[in-house]
Amino acid sequence: MKDTTIVAMFKVERNVESDFLFDSAEEDVRILAWTTTPWTLPSNTALTVGPKVKYVKVQTTSPYTNVPVSVILAEDLVGKWFAAEGDEKSKKAKVLAKSETFTGKQMEGLRYEQLLGFGNDIEPLDGQTDAFRVITANFVTTSDGTGIVHTAPSFGADDRFAGKANGIGALTLVDKSGKFKATVGEFSNRYVKDYKEEENYRDVNVDIAIRLKTDNKAFNVQKYEHNYPHCWRTDKPVLYYPLDSWFVRSSKMKARMVELNNTINWQPKSTGEGRFGKWLENLQDWNLSRSRYWGIPLPIWRTEGDENLQEKCIGSVAELQAEIEKANTALGLSQSVPEDLHRPYIDDITLVSEDGRPMKRETDLIDVWFDSGSMPYAQWHYPMENEEKFKSSFPADFISEGVDQTRGWFYTLHAIASMVYDSVAFKNVLSTGLVLDAKGKKMSKSKGNVVNPFDTLSTYGADATRWYMMSNSNPWDSLKFDLKGVEEGRNKFFGTLYNTYSFFALYANIDQFKIDEQNVIPVEERPEIDRWIISKMYSMVKLYRERMSDYDVTPACRAIETFVGDHLSNWYVRLCRRRFWKGSMSKDKQAAYETLFECLMVTAQLMSPVAPFFSEWMYGNLTAPIREAAVKNQTPLRHRSIHLTDLVKVDDSLIDTALEERMDYAQRISSLVLSLRKKENIRVRQPLPKVMLPILDASFQTQVEGVKDLIMSEVNVKDIEYLTDTSGVIKKKIKPNFKTLGRRLGKNMKAAAQTIGQFTQEDIANLERTGEYMLSVNGDNIPLTLEDFEITAEDIPGLLVANDGPLTVALDITISDALAAEGMARELVNRIQNLRKSSDFEVTDRINIQLEDKEVVQAAVAQFGDYIKAEVLGDSLDLVADLGSGEAVELPGEETVWISVTKV
RNA sequence: CCUGAUGUGGCGCAACUGGUUAGCGCAUCCGUCUGAUACGCGGAAGGUUAGUGGUUCGAAUCCAUUCAUUAGGACCA
């Protein structure tokens, strides 16, 4: 914004105090002051200098009138306004002579002629009107301008404080509509800024400049780029303007408000302690008044005039009613309580003072933040009624709003509760960060980077959107909102959960399974894998409850994601698929259904605060068939809605950390074996003889033994063999345990690490056998134990080996004829299953199979024919020479055979 | 100018609160599987943890400082 700026010349009056500035009686001495708001110049009542700033008087020629003049400005700024000595080309004014410097303190009290006098009386500030003087204040700098501040106490806080402190009066020559008053000469009634966007608006600031130039009162006029404050909504320039206001003296309650704040649990902590806490410590009084039309009127009536002022503050309609009746009687009026208590009706009400004078309402409204802060009381119409309801809900357990509400809602809630009830208004608060665009920029309509919430909701749904916002990053961090993230969450989390549920529903329908809450198989009687997922589930519940109790929702959501994605879907269901579709209802099958049901139920419950719709849908589907029975028996699933159920509690007896650990081993060992298979290009359907595991401690072997079958079937090997180090074939790796050793060794840690790193296999074997080692570094002997080392199996020379941290596996890849035949059988099963699927057979259809009689398949059919038939629900499996029907399928080894399947 | 927050592969986030190969997901590339899958599995590539300096045996983590983004406030003669 470019504005007209003026350096005005204020003519110094010659008297005893100013005498030191005058070289001769005729000298015209002026003080220079810069302003970016020329419209405030007629309201000037003082000039402010810095007490310690050095000033100087310069003799020159007035640039617009060419008459001799002496001007005073800060010594540091002479170069800004005057040409350097000897610089003839400069357009700046020339220094003809310069005085000795003097301080601002010396100038204090100098009098000058009013710059633009229009005969207005000086208005008192704190009862004083001693205007047109030089005063001092510490805020004056020499960073720009002239080092002398034109001071108009009507416009700007600093000016007002300085004016008050020095007994300077004020001249408020602008009215509330932004126009000069009628008493400002040729500028009367003109807008000081272009508020109306008039076609022929003539900038009054320019006219002021012209007037000053003509009158030999301007030293410099130019357009200058600066930040003039503008209204955020209308983008029109703002004026600082003195208004009478009603304040709440919050500053008096500061200490108590800080104390109370310290009892509030802020999430994140730093907002409460830092941002909000620091702000409270620097608290200003609360200006309640707003000069507007819509809002809550101040309920204050006052007598007119300053004489024996009386005031009434009305607290209820009943009180107003009583006061109106009093006024009606005293003043002979016939008013009644307006139906609408807002403006303009309320303004018509006249009350009466104790001494019989009429009282009019203060026309201002109350700051709308007061409404927000009054919410806890207003929502119950307390204290007029509902005392019980109010007391049971105050203070609030929890609120949440954007972090930009620090001095909005958070503050007004806190201020009112502190002042009125000496209480906090909320015990826990989560201040959320801002939602930015995908690039981290603030969303704004003008930039066009706004995400339309309604489009997002209709495309992805409220649950996926909210899940993304809660799980992607902590809600108090600013969120780079990216629709791709919403989509990813929908696909990955909701998709997986949906499919897991569908899988359950598919087979539960086939088997007519219905949960019987009172007759489930006790967990301890269920298979290990069931106990495992249930243990995992309760571990999740435990973490979830801890995090949620702390209003830390993101880790809670992520725990659900991990459970659903990694454990439930990708491990439990995958490994248990057979149990659901194999055979008729058995105890094992029932256990599987019950386990999966419980996991889905609990998942739905935990996710329900963030994904209320999906969880409700899933809960409804899972429990509708048993609702009647549940209601009758008053069991936990009797509720129509998941949002009415009791949140599942942790059952520590069902958390088995050893079981979780060995399953973790199983997953990691399986993963290592699969990676070895991959490396050797051996497909999983090809059985292999054995996996070998180096055993470094006995508990590891016990643990693996517990999941041996699982690993074997998962990676399709026939056996697991344990290698103890007595066999001497394992090559080991040793590392110091930095955590235990670091503190003890300190400076010697580095040397020790080097020594240990150079251990031979024999050294390691010795250490393992004796369990101790005497370390000598820099002359010290330090006894170490096995605890101080981390020993891992690194390699088994001659075998195919892979490792993952402390885990190491070796794989035997010798394929015997029998294994090859079995592998082929599994390939055939796979191909036949594909044919079933592409032929659109029902999952339960039984089939006859014909297979082209080729050498590659003969051994498989001969040895594993029954297995194949069982797997694919085949009644018959025949080898047929030159089979030309069905479909040609590819088998390993680039063989092709014809297979034909028909429904029985 | 002051205060707070944030800064980690292309992107979004982790890292037991100072402990040694900085992980995960998405995206990319190669391969593979699938009668629950908007899937899954295996592999590859991708990092000076914003910069600089310091403390420490050891720093993404602690300190100082600079920069960037963002919020709030002060000031704007």
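To keep things clear, this report deals only with the structure shown in the data block. Position numbers for residues count from 1 along each chain, tracking the sequence in the order it is written. Each chain gets a letter, beginning with A, and each ligand a number, beginning with 1, in the order they are written. Where totals are concerned, whole chains, interfaces and linings use all residues; where local detail is concerned, this predicted model gives features only for residues with pLDDT of at least 70, and gives and counts side-chain atom pairs only at 80 or more. Think of the side-chain values as coming from all heavy atoms in the structure, minus any hydrogens and water.

Quick look at the overall build of chain A
By the criteria applied, helices consist of DSSP H or I runs no shorter than four residues and strands consist of E runs no shorter than two, each listed in order from the N terminus. On a plain count of helices and strands, chain A comes out with 26 helices and 35 strands. Its C-alpha atoms give chain A principal-axis dimensions of about 130 × 85 × 65 Å. Contacts in chain A between residues far apart in sequence, at least 24 positions, make up 71% of those at least 6 positions apart. Accessible surface computed for chain A: about 46,800 Å², of which carbon and sulfur atoms make up 49%. Charged-residue counts in this description rest on Lys and Arg as positive and Asp and Glu as negative, His and the chain ends being excluded. Each charge is placed at NZ for Lys, CZ for Arg, CG for Asp and CD for Glu. The positive charge centre, built from 109 side chains, and the negative charge centre, built from 132, are 3 Å apart in chain A. The criterion used for residue contact is that any of the two residues' heavy atoms lie within 4.5 Å. All accessible-area figures derive from a Shrake-Rupley calculation using a 1.4 Å probe, and residue coverage is judged against the displayed protein chains alone.

Things to note about the packing of aromatic side chains
Aromatic contacts are taken between Phe, Tyr and Trp rings whose centres are within 6.5 Å, Trp giving its six-membered ring; a plane angle under 30 degrees counts as stacked, one over 60 as edge-to-face, and the others as tilted. In total, this model carries 43 aromatic pairs according to the counting rule given. Of the aromatic side chains, those joined through ring pairs into one cluster are Trp467, Phe493, Phe494, Tyr498, Tyr501, Phe614 and Trp617.

Comments concerning the protein's contact with RNA strand B
If a single non-hydrogen atom of a residue is within 4 Å of a molecule or strand, that residue counts as near it. Within the structure, RNA strand B sits among 58 residues, and Trp34, Val149, Arg577, Phe738 and Asn830 are positioned closest to it. For RNA strand B, a sugar or linking oxygen lies 3.2 Å from a polar atom in the backbone of Thr35. What qualifies as a polar contact is a pair of N or O atoms within 3.5 Å, subject to a donor-acceptor requirement within protein and to the restriction that residues adjacent in sequence count only when both atoms come from side chains. A distance of 3.3 Å separates a phosphate oxygen of RNA strand B from a polar atom in the side chain of Asn834. The greatest single-element share of the surface near RNA strand B, amounting to eight residues, is contributed by helix α13 (residues 483–510).

So, helix α14 (residues 528–549)
In a helix, the anticipated span is given by 1.5 Å times the number of residues less one. In this model, α14 (22 residues) spans 31 Å end to end at C-alpha, consistent with the 32 Å of a helix rising 1.5 Å per residue. Those residues of α14 hidden inside the fold are in contact with α15 (553–581), α16 (587–607), α19 (657–680) and α21 (708–715). Among the residues trailing α14, Tyr551 stands out with phi positive, at a value near 55°.

Comments concerning the environment of Val450
Along the chain, Val450 falls in the loop between β22 (435–436) and α12 (453–471). Working definition: with a 1.4 Å probe on protein chains only, accessible area under 20% of the residue-type maximum means buried, over 50% means exposed, and in between means partly exposed. For Val450, a relative accessible area of 43% translates into the label partly exposed.

Quick word on the sheet that holds strand β21 (residues 426–432)
DSSP calls a pair of strands paired once it identifies at least 2 bridges connecting them. Judged by pairing direction, the sheet is parallel, and its three strands sit side by side in the order β12-β21-β20 without closing on themselves. Taken across any chain shown, the strands that pair with only one partner, and hence form the sheet edges, are β12 (265–267) and β20 (396–402). Averaged over neighbouring strand pairs, the angle between their axes works out to 15° when direction is ignored. Pairing of β20 with β21 involves six bridges; the strand directions are parallel. Pairing of Ala396 across the sheet is with Phe426, part of β21. Axis lines are fitted to C-alpha atoms, over the contacting stretch for helices. Their N-to-C directions set the angle, which ranges from 0 to 180 degrees. The sheet contacts of helix α6 (residues 269–281) involve β12 and β21, and relative to β12 the element is tilted by about 100°.

Details of the packing of α12 against α15
Where α12 meets α15, the axes come as close as 8 Å, and the angle between the chain directions of the two elements is 115°. Contacts from Trp467, Met470 and Ser471 of α12 reach α15 at Val553, Thr554, Cys557, Arg558, Ile560 and Glu561. Throughout, the ten residues Ala, Val, Leu, Ile, Met, Phe, Trp, Tyr, Cys and Pro are labelled nonpolar, Asp, Glu, Lys and Arg are labelled charged, and all others, Gly among them, are labelled polar. Each residue belonging to the contact of α12 with α15 can be placed in one class, and the counts come to five nonpolar, two polar and two charged.

Description of the environment of Lys179
The topology assignment puts Lys179 in the loop between α3 (157–165) and α4 (204–214). For Lys179 and Val7, which are 172 residues apart along the polypeptide, the C-alpha to C-alpha distance reads 23 Å. Filtering out sequence-adjacent residues up to four positions away, Lys179 remains in contact with Leu173, Val174, Asn189, Arg190 and Tyr191.

Re the sheet that holds strand β24 (residues 688–695)
Strands sit in the order β25-β24-β31-β30 across an open sheet of four strands; the sheet is mixed. Single-partner strands in this sheet number two, and they are β25 (717–724) and β30 (800–804). Strand-to-strand, the axes of this sheet are offset by a mean angle of 25°, without reference to chain direction. When β30 meets strand β31 (residues 807–812), the two strands line up antiparallel, connected through five bridges. Across the sheet, the residue bridging to Ala802 is Val809, located in β31. Contacts from α19 reach β24, β30 and β31 within the one sheet, and its direction differs from that of β31 by about 45°.

Some details on the pattern of salt bridges
Between Lys or Arg on one side and Asp or Glu on the other, a salt bridge is scored when a side-chain nitrogen of the former is within 4 Å of a carboxyl oxygen of the latter. Enumeration over the complete set of coordinates arrives at 48 salt bridges. Of the charged contacts, one joins Arg190 and Asp207 as a salt bridge, the two residues approaching to 2.8 Å between their closest N and O atoms. Of the two residues, Arg190 is situated in the loop between α3 and α4 and Asp207 in helix α4; the sequence distance between them amounts to 17 residues. Here Asp207 falls in the buried class, since its relative accessible area comes to 12%. Across the pair Asp719 and Lys708 runs a salt bridge, and its minimum N-O distance is 3.5 Å. Of this pair, Asp719 sits in strand β25 while Lys708 sits in helix α21, and the two are 11 residues apart along the sequence. One connected set of salt bridges, linked through shared partners, spans Lys312, Glu323, Lys326 and Glu354.

Some points on α21
Among the eight residues of α21, six are classified as buried, and the element is accordingly described as predominantly covered. Buried within α21 are the following residues: Lys708, Leu710, Ile711, Met712, Glu714 and Val715. Positioned one or two residues after α21, Asn716 has a phi angle of 60°, which is positive.

Some points on the state of the cysteines
Two cysteine sulfurs form what is called a disulfide whenever their separation falls within 2.5 Å. Inspection of the entire model under this criterion finds zero disulfides. Cys576 takes part in no disulfide bond, and the closest cysteine sulfur, belonging to Cys599, lies 9.9 Å away. Cys599 gets classed as buried once you look at its relative accessible area, which sits at 0%.

A look at unusual backbone geometry
Here the amide bond leading from Arg343 into Pro344 is cis, since omega sits at 0°, within 30 degrees of zero. Residue placement: Pro344 occurs in the loop between α7 (317–331) and β17 (351–352). For the bond from Phe394 to Pro395, the omega torsion is -5°, close enough to zero to count as cis. Position of Pro395 among the secondary structure elements: in the loop between α10 (387–393) and β20.

Here we look at the environment of Asp697
Here Asp697 shows up in the loop between β24 and α20 (698–706). Judged by relative accessible area, which is 38%, Asp697 ranks as partly exposed. Taking the C-alpha atoms as reference, Asp697 lies 8.8 Å from Thr724; in sequence the two are 27 residues apart.

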